[in-house]
Amino acid sequence: MAVLLSTKPATMEDWRTALLAEDPGLDIRMFPDAGDPAAIEAAVVWTSHDMAELRRYPNLRLIVSMGAGVDHLLRPPGPPPGVPVARLKDARLTQGMTEWAVLNVLRFHRQDLEYRALQAERRWEELPAPETSSRRVGILGLGELGGAAAAALLALGFPVMGWSRAPKQRPGVECFHGPVGFDTMLGRSDVLLCLLPLTPETRGILNRRALGLLPRGAYLLNAARGGHVVQEELLAALESGQVAGAALDVFEPEPLPSDHPFWAHPRVVMTPHAASITIPSSAAPQVVENLRRARTGRPLINLVDLGAGY
Ligand code: NDP
Ligand code: OXD
């Protein structure tokens, strides 16, 4: 089985090394040097890869995303018909996102923006002590990443709520689902963290209406996809004070143009889609496991539900 590998040039070699460390016998073809298209049976790809290109390989029987999100793989034309797509569920990816979530919840909770502004003015001024047990955190998406962030924030003493597509039960987390659950949770979220996949249902979900449901002065954290946020409506909510601050890791488009108002906004903290970065050596075992399963016709792991879009 030949495996097509396609990602940013800077990480291509790391991926090759990591996959070969798991299975030295793998026949890895580094895109665009695929060789005979008929030899390619699996493709391990990241956002840059064009799905139309994958239609060149008549014997392709597995596509593996190098990340948790697969929205880029599913947008038209989507994967070649009948070819399953697997995603990553990786402990280090989850750890990275948990750290980003905790960092940014604490940043706003502990008035870090305000203290930095005071420092810039050389003012020695104590602000009122924040109360953890009354800072309610709502998490959109209670999957691999949202579930782990919920557990970490609960352990710090925050009241945590979560919203998912199907009803869920998680110890200590107040769980919501559906449109009524969405409105109810947002109405109580002093901090809203978005960790949803980007699908037709969730695109633009953080719009004027949703931001208006939040308690005035709430904070927004988005590390899911830029397409979840209607960016100009978030800017308006920041200007009016409805949203007191935002930590944003993802944007549309990426990179965010250098003249976009988010860059210089005093209430916006940005990272360049780096909340959690896939580490090839951590992800490689599950990728190679799936390649073995595809080769031997066993059930694949971490499969994406192509109908649901995640
Ligand atoms: P999962 O698929 O494990 O979890 C997705 C969660 O979202 C599930 O709880 C699911 O509900 C819920 N959900 C999906 N659609 C809806 C909907 N229409 N209404 C309500 N809830 C919905 O994904 P992950 O946690 O692994 O990853 C989430 C996203 O994070 C990725 O898709 C990716 O976009 C982003 N990401 C960003 C990174 C970064 O560095 N910025 C790094 C990695 C991922 P249910 O449980 O009912 O299925
Ligand atoms: C992912 C990402 O989806 O890094 O894994 O954004």
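Fair warning: this is a prediction, and the values are worked out from it, not measured in the lab.

Asker: Help me out: how do you make sense of the domain arrangement of the chain in this one?
Answerer: When the parts of a complex come together, some accessible area is lost, and that lost area is often taken as the interface size. Taken as a whole, the chain is organised into domain 1 (2-90 + 278-296) and domain 2 (92-270). The C-alpha-based centres of domain 1 and domain 2 are spaced at 32 Å. Listed by partner, the interface residues are ten residues for domain 1 and six residues for domain 2. Counting each side, the surface lost to burial between domain 1 and domain 2 is near 800 Å², with a carbon and sulfur contribution of 52%. On the domain 1 side of the contact with domain 2, Asp71, Asp90 and Ile279 bury the most area, a combined 52% of that side's loss. In this assembly, domain 1 and domain 2 are joined by one salt bridge. A salt bridge links Asp71 to Arg225, with the nearest nitrogen and oxygen atoms 2.9 Å apart. Where domain 1 packs against domain 2, one counts four residue pairs in polar contact (both at pLDDT 80 or more). Tallied by class, the residues present in the side of domain 1 that touches domain 2 amount to three nonpolar, three polar and four charged.

Asker: I would appreciate a short explanation of the packing of helix α3 (residues 91-109) against helix α5 (residues 144-155) in the present structure.
Answerer: Two elements in contact, α3 and α5, have axes whose closest approach is 9 Å; the angle formed by their N-to-C orientations is 50°. The orientation of α3 with respect to α5, classified from their angle, is oblique. Seen from above, α3 lies across α5 with right-handed handedness. For the pair formed by α3 and α5, the contact residues are Leu93, Thr94, Met97, Thr98, Ala101, Val102 and Val105 on the first element and Glu144, Leu145, Ala148, Ala149, Ala152 and Leu153 on the second.

Asker: How should I be thinking about the environment of Arg55 in this particular structure?
Answerer: Its location among the elements puts Arg55 in the loop between β3 (40-45) and β4 (62-65). When neighbours within four sequence positions are excluded, Arg55 is seen to be in contact with Pro77, Gly78, Pro79, Pro80 and Pro81. For Arg55, the side chain forms a polar contact with the main-chain oxygen of Gly78, separated by 2.8 Å.

Asker: What is the right way to look at the packing of aromatic side chains in this model?
Answerer: Centre-to-centre distance and the angle between the planes together describe a pair of aromatic rings. Taken as a whole and assessed by the stated rule, the structure comprises three aromatic pairs. The interplanar angle of 15° and the centroid separation of 4.6 Å between the aromatic rings of Phe108 and Tyr219 together place this pair among those described as stacked. Here Tyr219 lies in strand β10 (residues 218-222) and Phe108 lies in helix α3, a separation of 111 residues in the sequence. Relative accessible area serves as the criterion here: at 3%, Phe108 is assigned to the buried category. Their ring planes at 55° and their centres at 6.2 Å tell us that Phe251 and Phe262 sit as a pair that is tilted. Taken together, the residues span a long stretch of sequence, with Phe251 in the loop between β11 (243-248) and β12 (268-270) and Phe262 in the loop between β11 and β12 at a distance of eleven residues. For Phe262, a relative accessible area of 1% gives the class buried.

Conventions we followed
- Residues numbered from 1 in each chain as written.
- Chains lettered and ligands numbered in written order.
- Predicted model: local features only at pLDDT ≥ 70, side-chain atom pairs only at ≥ 80, totals over all residues.
- Heavy atoms only, no water.
- Domains from an automatic or database assignment.
- Contact = heavy atoms within 4.5 Å.
- Buried area = accessible area lost by both parts, 1.4 Å probe.
- Salt bridge = Lys/Arg side-chain N within 4 Å of Asp/Glu carboxyl O.
- Polar contact = N/O pair within 3.5 Å; in protein donor to acceptor, adjacent residues only side chain to side chain.
- Nonpolar A, V, L, I, M, F, W, Y, C, P; charged D, E, K, R; others polar.
- Axes fitted to C-alpha atoms, helices over the stretch in contact; angles between N-to-C directions.
- Helix = DSSP H or I, 4+ residues; strand = E, 2+ residues; numbered from the N terminus.
- Parallel < 35°, antiparallel > 145°, perpendicular 65-115°, else oblique.
- Left-handed = near helix turned anticlockwise from the far one by under 90°.
- Phe/Tyr/Trp six-rings, centres within 6.5 Å; stacked < 30°, edge-to-face > 60°.
- Buried < 20%, exposed > 50% of the residue type's maximum accessible area, 1.4 Å probe, protein only.

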